[in-house]
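Letter by letter, the chains look like this.
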Amino acid sequence: MKKFSLCLTICILGILLLAGCGQTQTSGKEKVLERAPQAQYDDAYITVGFVQTGKESDWRDANTNDYFTVFTKEEGYNLIYVDGNSDSDRQVKAVYDLIAQGVDYIIIDPIVEDGWEEALCLAKEKGIPVLIVDRKVSADPSLYKCWIGSDFNGEGRKAINFLEEYLEKSGRENDKLNIVILEGTKGATAAIGRTEGLKSEIEKHPNWKIAAMECANFTQGEGNVVMEEILKKHPKFDVLISENDNMMFGAMNAMDQAGVGYGVDGGVITISFDALREAFVKMDEGKLCASVECNPLIAKYARKAIEDMESGKAVAADIYIPEKVFTYENYADYMDSRKY
Ligand code: AHR
């Protein structure tokens with residue numbers, strides 16, 4: 001009787017394993033994940049998988065909305081949007097999923113440059129063209145079709161060119177300056193490029209010094225907290241450069257709390273990047289001296305590249321998008337038309 005119950009238990013366990021675990025097969029000790037069968041997409045549309053960084057800033061929201069506006073069903077696209085949730089491993093996994101689903105194109109906005117080689121190799125092996133947008137990857141360019149985005153190094157240099165002109169106008173070009181920099185996410189092209197551009201121009205001024213440079217990950221909340229910490233160690237400095245507007249807005253809050261004056265009418269000279277609508281409001285209030293534009297409206301360039309590939313035309317390896325510098329002097333001409 002005992003033997004019979006033991007046999008019965010083993011049989012039931014076996015049936016449960018076979019029936020309930022359709023997702024996995026065991027071969028020896030190794031577990032193999034069985035993916036869902038390749039999705040059946042409607043051939044009337046071009047299916048594009050877009051892996052976004054996350055929602056770290058208002059710039060990012062404008063950029064995400066732009067893809068939804070440009071890659072529409074009316075234009076012949078089936079857009080699969082994946083929120084990277086500020087997690088680069090999640091982004092890489094999303095690319096593997098899109099490959100398994102057999103999408104027609106993959107657009108990646110990488111949080112950081114490193115860690116893409118293997119996923120890009122597989123996409124190439126499966127014949128799925130990849131477009132890299134906004135930030136770059138460190139992988140070999142032969143693994144993707146093109147990169148489309150901003151000249152981040154150039155943006156950094158433009159910020160310092162503005163500072164030079166600003167100081168000259170008030171006869172302060174020979175002043176000793178202590179500069180504080182709020183950096184974006186470590187390993188992200190936007191932060192790498194802007195920091196290099198800023199430093200290369202700052203180095204030309206022996207009377208200027210970077211007093212502090214801290215990472216605040218492109219978010220407003222971290223901009224606030226990191227600035228509070230900086231102010232404890234450096235209560236006096238002359239220039240604040242924030243590698244995006246949102247970190248600057250957070251830092252402004254910290255400076256307000258600490259009673260530190262800033263802006264066009266005196267105190268700390270404030271310069272940031274992105275040129276959001278809110279940055280124009282801050283310039284209007286005299287709180288922000290300049291914002292170097294980072295253009296989030298990239299999707300139309302990505303769609304054009306896909307259209308070119310569809311019709312067998314060559315696509316440039318690097319496509320830079322146009323950008324301006326908005327300052328306390330010219331902001332009023334653009335403020336009303338600023339959408340994001
Ligand atoms: O990669 C572009 C940068 O990322 C923008 O400056 C920033 O606001 C965004 O989060």
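Details of the structure are given in the entry above.
First, a word on scope: everything that follows refers to the structure included in this document. (Residues numbered from 1 in each chain as written. Predicted model: local features only at pLDDT ≥ 70, side-chain atom pairs only at ≥ 80, totals over all residues. Heavy atoms only, no water.)

One pass over the structure, following the stated rule, counts 11 aromatic pairs. Aromatic side chains Phe280 and Phe326 sit 5.0 Å apart centroid to centroid with 55 degrees between the ring planes, which places their arrangement in the tilted category. Here the residue Phe280 occupies a position in helix α9 (residues 277-284), and Phe326 occupies one in strand β14 (residues 325-327), the gap between them amounting to 46 residues. For Phe280, a relative accessible area of 0% puts it in the buried group. Residue class for Phe326 comes out buried when judged on its relative accessible area of 1%. Between Phe326 and Tyr334 the ring centres are 4.8 Å apart and the planes differ by 70 degrees, which places this aromatic pair in the edge-to-face class. Members of the aromatic cluster, connected to one another through ring pairs, are Phe50, Tyr67, Phe68, Phe71, Tyr77 and Tyr81. Over the ring of Phe249 we find Lys282; its NZ or CZ atom is 5.4 Å from the centre of that ring. (Phe/Tyr/Trp six-rings, centres within 6.5 Å; stacked < 30°, edge-to-face > 60°. Helix = DSSP H or I, 4+ residues; strand = E, 2+ residues; numbered from the N terminus. Buried < 20%, exposed > 50% of the residue type's maximum accessible area, 1.4 Å probe, protein only. Lys NZ or Arg CZ within 6 Å of the ring centre and 35° of its normal.)

Around the ligand, the neighbouring residues are Glu56, Ser57, Trp59, Arg60, Asp134, Arg135, Ala190, Arg194, Phe218, Asn244 and Asp274. Between Ser57 and the ligand, the recorded distance is 2.9 Å, taken from a side-chain N or O atom to an oxygen atom. Residue Asp274 places a side-chain N or O atom 2.6 Å away from an oxygen atom belonging to the ligand. Calculation on the ligand without its partners gives an accessible area of 280 Å², and the protein chains cover 100% of this total. A majority-of-atoms criterion places the ligand in the largest cavity. (Near = heavy atom within 4 Å. Polar contact = N/O pair within 3.5 Å; in protein donor to acceptor, adjacent residues only side chain to side chain. Areas by Shrake-Rupley, 256 points an atom, 1.4 Å probe, with all protein chains shown as cover. 1 Å grid on protein atoms, 1.4 Å probe; cavity = no way out; pocket = protein on both sides within 12 Å on 5 of 7 lines; lining within 4 Å. Sits in = over half its atoms within 2 Å of the grid points.)

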